[in-house]
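Structural overview
One letter stands for each residue in the lines below.
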Amino acid sequence: PQEIELKPIGKYHALLIGNSNYPKKGKFTKLTSPKNDVTELSKILETKYNFNVISELDVTRNKFFDLMNELKNKTKDSDYVLIYYSGHGERVGNERYWIPIDASKNNRRNWINVSDITASFEGDIPEIASTHIALIVDSCWFKVKGQDNVRNKKMAYNKLLKSRTAVVMASGQDTLVDDPEEGSSLFAKSIINQLENTDQPIRLHDIYIEVFEQLGELDQTPIYRTMDSWSHKDGDFIFIPKNKS
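First things first, this report covers the structure right here in the doc. Everything numeric here is computed off the predicted structure, so don't read it as measured data. (Residues numbered from 1 in each chain as written. Predicted model: local features only at pLDDT ≥ 70, side-chain atom pairs only at ≥ 80, totals over all residues. Heavy atoms only, no water.)

Quick notes on the packing of aromatic side chains
- Considering all chains together, one arrives at 16 aromatic pairs under this definition.
- With a centroid separation of 4.8 Å and an interplanar angle of 65°, the aromatic rings of F121 and W230 are classed as edge-to-face. In this pair, F121 sits in the loop between α3 (114–118) and β7 (132–138) while W230 sits in the loop between β10 (223–226) and β11 (238–239), placing the two residues 109 residues apart along the sequence.
- A residue is classified by how much of its surface remains accessible, and F121, at 1% relative accessible area, is buried.
- Residue classification places W230 among the buried residues on the basis of a relative accessible area of 1%.
- Through a chain of ring-to-ring contacts, three or more aromatic side chains come together here, namely Y12, Y49, F51, Y80, F237 and F239. (Phe/Tyr/Trp six-rings, centres within 6.5 Å; stacked < 30°, edge-to-face > 60°. Helix = DSSP H or I, 4+ residues; strand = E, 2+ residues; numbered from the N terminus. Buried < 20%, exposed > 50% of the residue type's maximum accessible area, 1.4 Å probe, protein only.)

Things to note about the environment of D37
- For D37, the position within the fold is in helix α1 (residues 33–47).
- With 150 residues separating them in the primary sequence, D37 and F187 have C-alpha atoms 9.4 Å apart.

Observations regarding helix α2 (residues 61–74)
- Taking 1.5 Å of rise per residue, the 14 residues of α2 would be expected to cover 20 Å, and the 21 Å separating its terminal C-alpha atoms lies within 8% of that figure.
- Among all positions of α2, only F64, L67, M68 and L71 are buried. Seen along its axis, α2 keeps its buried residues to an arc of 100°; they face one direction. When the buried face of α2 is taken as reference, the exposed residues oriented beyond 90 degrees from it are N62, D66 and N73. (Expected span 1.5 Å × (residues − 1). Arc of directions from axis to C-beta.)

Focus on unusual backbone geometry
- A positive phi angle is found at K27, which is not glycine, with a value near 70°.
- Looking at where K27 falls in the secondary structure, it is placed in the loop between β1 (12–18) and α1.
- One non-glycine residue with positive phi stands out, namely D58, at about 55°.
- By the element assignment, D58 lies in the loop between β2 (51–57) and α2.
- When its relative accessible area of 27% is taken as the criterion, D58 is described as partly exposed.

Structure representation (structure tokens):
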């Protein structure tokens, strides 16, 4: 896009969680990429973009909900909120779960039902207040019911910034996803590279298009969904470098 100067109406907040170091007793394998991805993403959001970042590695179930509560207490209706989860995911029937490090494969007591998270974004007065809410997920067996038609591809950035946004982007839809033996996942690497290699504001949907192309060699198919049940209107989540705000 042309040179753009944008004035957000609120503050940017991010909650980043990366679960890698799963203990043997829980029978979930250790993962390489979540800790690397969250560490790198946290750094770039703090240094290049105007995010107030809450970043944690290897969280328990109780810690996870403490972090969600911390985020809730910081946000206002005018703010822009990004939540990023990387770690194990599971499914049982129609239910989808995120797996904290104190979880066991043999007992669902400490699993986190994704619907308990997404409930925080639903309705006209969501528990986590925001103008923009974006949920980015890099885990297996993640699934949401949303819309994949994006109606605002040519809308001016300033209008996108002020319109209610509620979107989900994930590395796969109800499938296994790749975890490399070292480094970052291709999903996270693509996101991070795009945020690093632009000096202009960038839309999350544009990031997704590039992610989709780069993950073409894998069996997983990334998704981008607008969430009407979270009161999505016509906006998009926009990352604004510090020199453009």
